[in-house]
Amino acid sequence: MRWLLTGGEVADITQAKSLLEGLKADAVLADKGYDADALIDSIQVAGATAVIPPRRNRVVQ
């Protein structure tokens, strides 16, 4: 288990790549707050499947 403490005004997604770095997984599950191309790309490059529902305003669902 890993933890990073940030200020209350910092979005959780800003720490996601750091928390996932170096971990091995077949899939990464997250809520739609983590729906960002850069994060999904980094998960796929690591060899895992991103299981993240798209946000409502995403152009390509």
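Residues numbered from 1 in each chain as written. Predicted model: local features only at pLDDT ≥ 70, side-chain atom pairs only at ≥ 80, totals over all residues. Heavy atoms only, no water.

Remarks on the overall build of the chain
Assigned secondary structure in the chain consists of two helices and two strands. Counting from the amino terminus, the chain carries its helices and strands in the arrangement α-β-α-β. Dimensions along the principal axes, computed over C-alpha positions, put the chain at roughly 30 × 30 × 15 Å. Across the 61 residues that make up the chain, the buried fraction comes to 13%. Long-range contacts, defined here as pairs at least 24 residues apart, represent 6% of the contacts in the chain between residues at least 6 apart. Total accessible area computed for the chain in this model is approximately 5,000 Å², and 56% of it derives from carbon and sulfur atoms. Side-chain charges in the chain split into 7 positive and 8 negative, and the spacing between the mean points of these groups amounts to 3 Å. (Helix = DSSP H or I, 4+ residues; strand = E, 2+ residues; numbered from the N terminus. Buried < 20%, exposed > 50% of the residue type's maximum accessible area, 1.4 Å probe, protein only. Contact = heavy atoms within 4.5 Å. Areas by Shrake-Rupley, 256 points an atom, 1.4 Å probe, with all protein chains shown as cover. Lys, Arg positive; Asp, Glu negative; His and termini not counted. Charge placed at Lys NZ, Arg CZ, Asp CG, Glu CD.)

Side note on the environment of Glu-9
The topology assignment puts Glu-9 in the segment before helix 1 (16-20). Residues Glu-9 and Asp-35 lie 26 residues apart in sequence; the distance between their C-alpha atoms is 19 Å.

Quick word on the nonpolar core
Within the largest apolar cluster, seven residues are counted, these being Ala-16, Val-28, Leu-39, Ile-40, Ile-43, Ala-48 and Ile-52. For this core, the element with the highest residue contribution is helix 2 (residues 37-45), accounting for three residues. Apart from residues no more than four positions distant in its own chain, Ile-52 is found in contact with Val-28, Ala-30, Asp-31, Lys-32, Tyr-34, Asp-35, Ile-40 and Ile-43. (Core = buried A, V, L, I, M, F, W, Y, C linked by side-chain atoms within 4.5 Å.)

Describing helix 2
Three or more residues of helix 2 are buried, namely Leu-39, Ile-40 and Ile-43. Summarising the axial view, the buried residues of helix 2 lie within an arc of 95°, below the 170-degree limit, and thus occupy one face. Where helix 2 terminates, the next one or two residues include Gly-47, which has phi positive at roughly 90°. (Arc of directions from axis to C-beta.)

A look at the UniProt feature "domain: Transposase IS4-like" (unreviewed entry) in the chain
The feature "domain: Transposase IS4-like" (unreviewed entry), as annotated in UniProt, sits at residues 5-59 in this numbering. Measuring from the first to the last C-alpha atom of residues 5-59 gives 32 Å, for a span that is 25% helix and 11% strand. (UniProt positions renumbered as here; feature names shortened; annotations may be inferred.)

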